[in-house]
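Observations on chain architecture
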Amino acid sequence: MKDNPTTRRAFLARAGAAGLGLASSTLIAPDRRVWASPEPAPTSGKAEHCIMIWLGGGACHIDTWDPKRRGDPKVKRAGSYYDPIATAIPGTEVCEHLPRCAALLDRFNVIRTVHHDVVDEHAAATNRMHTGRPTSGTVLYPSIGSVVAQQRGAAGDGVPAYVLIGYPNVTRGPGFLGAKHGYVYLLDTHSGPSGFSLPPDVSPERQTRRERLLEQVRRGYLTRHGDGKTLRNYDESVAGALRLAGPQFMNVFQLDAEPAELRRSYGGEFGQRCLLSRRLIQSGVRFIEVSHNLNFINGTGWDTHNDGQLNQHLLIRELDDALSALVLDLEQHRLLDKTLVVVATEFGRPAQFDGGGGRGHHAKAFSIVLAGGGLQNGKTIGQTDELGMNIVSRPVSVPDLHATIYWALGIDPAEELYADGDRPVPITDRGRPIGELF
């Protein structure tokens, strides 16, 4: 290993780790990479893409990936709402409504001890899970999708680096990285990105005239204001949109080109979103978030207060169909090792039932699932207590989770980005990758 002189920053980092009693478990390598293992850090991951499936509302971990004893809301007996079943990982069980994923769980890693301190506020918890940091009044931090877009860019020509299939939200945005590293969003799989196509009455010649007129407006703006940063961001967005109007990207949305049997295996609209994600990956999109909070299925989505709990199994079954189909489809196309699939949510739910038979919020311990991505799959990370309320072993912070995702994608989680042009901000808030997965 090449000798590097000790910098002031490296010295302080080592001293801080020692002060926290972490010196024996944290290695800060000469290139500043941080590794959560006493072993030397191996080469970072080689995944090329990431698909994040977002379970908006707070999916109950003990009703999905971390089942406990059976509870009963009628008599207020705390516990899981469903029975457990065995999986392809010996000793690991999941909810009975995840049978297809259970049979494939050796392609997955179940992380059962993710935690943070946001309980009552969905928006703040969603922000925490997307940016890896608390909400700030002074800095708008970039989402994980925008960081991946900024660090890796698109993997193909004429396609965006980052696609959001769901409703746009600031927590998914680029923050201080600027609009260039934002997302292209789709509300459904039927209409596709219709905004990229010229209206029927706008010919190429008319579009050219419009661009010439816009150039005059640009020059006038610069004469009056001088600072061209806002204008450059706008121009980059417009140029990107025009590139995306080409046939390469638009053809991705022709889902009817896929075999009917495959489309059926994915299921309904959410499943078709996952199928579209595979096609987007093939086109060169780097990061995709697929939203699964379609409230009309059980009335509340994953926010299962009160009666939402009664039909939660419909959501779980839909997730099981689509997620298992996606993993097998990626595997069939030899893309699973190159694609990290992340199933995430803002927090879990407590073992106790509320007055309406549903559950409240719980952030002290909940489950996140990873699949593929070239990881050492087939592992269950961490253990919670008999009701899934507290962590017994191997806690995983949100920054650690983010560092794991970045490391799998070949991104240094300690690299610094710059807010407001000159303020250094590390990609993660001192996150360390989960060493067991590499």
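Attention here is on the structure that accompanies the text.

Criteria and thresholds
Residues numbered from 1 in each chain as written. Predicted model: local features only at pLDDT ≥ 70, side-chain atom pairs only at ≥ 80, totals over all residues. Heavy atoms only, no water. Phe/Tyr/Trp six-rings, centres within 6.5 Å; stacked < 30°, edge-to-face > 60°. Buried < 20%, exposed > 50% of the residue type's maximum accessible area, 1.4 Å probe, protein only. Helix = DSSP H or I, 4+ residues; strand = E, 2+ residues; numbered from the N terminus. Lys NZ or Arg CZ within 6 Å of the ring centre and 35° of its normal. 1 Å grid on protein atoms, 1.4 Å probe; cavity = no way out; pocket = protein on both sides within 12 Å on 5 of 7 lines; lining within 4 Å. Points joined across faces, edges and corners; volume = space filled by probe spheres on them. Nonpolar A, V, L, I, M, F, W, Y, C, P; charged D, E, K, R; others polar. Salt bridge = Lys/Arg side-chain N within 4 Å of Asp/Glu carboxyl O. Patch = residues over 30% accessible without salt bridge, like charges linked within 9 Å, V, L, I, M, F, W, Y side chains within 5 Å. Areas by Shrake-Rupley, 256 points an atom, 1.4 Å probe, with all protein chains shown as cover. Core = buried A, V, L, I, M, F, W, Y, C linked by side-chain atoms within 4.5 Å. Contact = heavy atoms within 4.5 Å. Pairing = 2+ DSSP bridges.

Within a pair of aromatic rings, the relevant descriptors are the distance that separates the centres and the angle that separates the planes. Considering all chains together, one arrives at 7 aromatic pairs under this definition. An angle of 85 degrees between the planes, with centres 5.2 Å apart, marks the rings of Tyr81 and Tyr82 as edge-to-face. Residue classification places Tyr81 among the buried positions, given a relative accessible area of 17%. The buried category is assigned to Tyr82, whose relative accessible area is 5%. With 5.6 Å between their ring centres and 80 degrees between their planes, Tyr162 and Tyr183 make a pair best called edge-to-face. Here Tyr162 is found in strand β7 (residues 162–165), whereas its partner Tyr183 is found in the loop between β7 and β8 (184–186), with 21 residues between them in sequence. The exposure class of Tyr162 is buried, given its relative accessible area of 1%. Here a set of aromatic residues connected by ring pairs shows up, and it is made of Tyr162, Tyr183, Tyr185 and Phe287. Stacked on the ring of Tyr141, the Lys or Arg Arg133 has its end atom at 5.1 Å from the ring centre.

This part takes up the environment of Leu409. Looking at the secondary structure, you find Leu409 in the loop between α11 (398–408) and β16 (416–419). What makes Leu409 buried here is its relative accessible area of 1%.

Time to look at the environment of Leu328. Position of Leu328 among the secondary structure elements: in helix α10 (residues 312–332). Put simply, Leu328 and Leu104 are 224 residues apart on the chain and 8.6 Å apart in space, counted from C-alpha to C-alpha.

A word on empty space enclosed by the protein. Here the structure, examined in full by the defined rule, presents 3 cavities of 30 Å³ or more. Approximately 70 Å³ is the volume attributed to the largest cavity. Residue lining of the largest cavity: Leu55, Ala59, Cys60, His61, Thr64, Trp65, Val343, Ala344, Thr345, Ser367, Ile368 and Val369, and that is the complete set. Mapped onto the lining of the largest cavity, the elements with two or more residues apiece are β10 (339–344) and β11 (366–372). Among the elements that take part in the lining of the largest cavity, β11 stands out by supplying 3 residues, more than any other. In terms of residue class, the lining of the largest cavity is made up of 8 nonpolar, 4 polar and no charged. Space inside the second largest cavity adds up to approximately 40 Å³. Taken together, Thr131, Arg133, Tyr141, Pro142, Val147, Phe176, Leu417, Val425, Pro426 and Ile427 make up the lining of the second largest cavity. Partitioned by chemical class, the residues of the lining of the second largest cavity number 8 nonpolar, 1 polar and 1 charged.

This part takes up the pattern of salt bridges. What the rule picks out here adds up to 19 salt bridges. Of the charged contacts, one joins Arg172 and Glu289 as a salt bridge, the two residues approaching to 3.0 Å between their closest N and O atoms. With Arg172 in the loop between β7 and β8 and Glu289 in strand β9 (residues 287–291), this pair connects stretches of sequence that are 117 residues apart. What makes Arg172 buried here is its relative accessible area of 9%. Residues Arg430 and Asp429 are paired through a salt bridge, measuring 3.7 Å at the closest nitrogen-oxygen approach. On the accessibility criterion, Asp429 (32% relative accessible area) is partly exposed.

On the surface, a cluster of nonpolar side chains totalling about 370 Å² of accessible area is made up of Tyr167, Tyr185 and Leu187. Here Leu187 lies in the loop between β8 and α5 (204–225). Accessibility expressed as a relative area gives 44% for Leu187, which makes it partly exposed.

The biggest cluster of nonpolar side chains holds 54 residues, and the ones touching the most others in it are Ile53, Trp65, Phe108, Leu280, Ile288 and Leu323. When residues in this core are grouped by element, the largest group, 9 residues, is from α10. With sequence-adjacent residues up to four places away left out, Leu323 is seen in contact with Ile53, Trp65, Cys101, Phe108, Val341 and Val343. Counting 40 residues, the second-largest nonpolar core is a separate cluster that includes Ala47, Leu340, Ile381 and Ile434.

Turning our eyes to something else, we now look at the pairing of β10. Buried residues dominate β10, accounting for 6 of its 6 residues. In β10, alternate side chains face the same way, and those of Thr339, Val341 and Val343 on one face and Leu340, Val342 and Ala344 on the other are all buried. Relative to β10, strand β3 (residues 49–54) is paired through 6 bridges, and the arrangement is parallel. Within β10, the position partnered with Trp54 by the bridge is Ala344. In the sheet, β10 pairs with β11 via 4 bridges, with the strands oriented antiparallel. Among the inter-strand pairings, Val343 is bridged to a residue of β11, identified as Val369.

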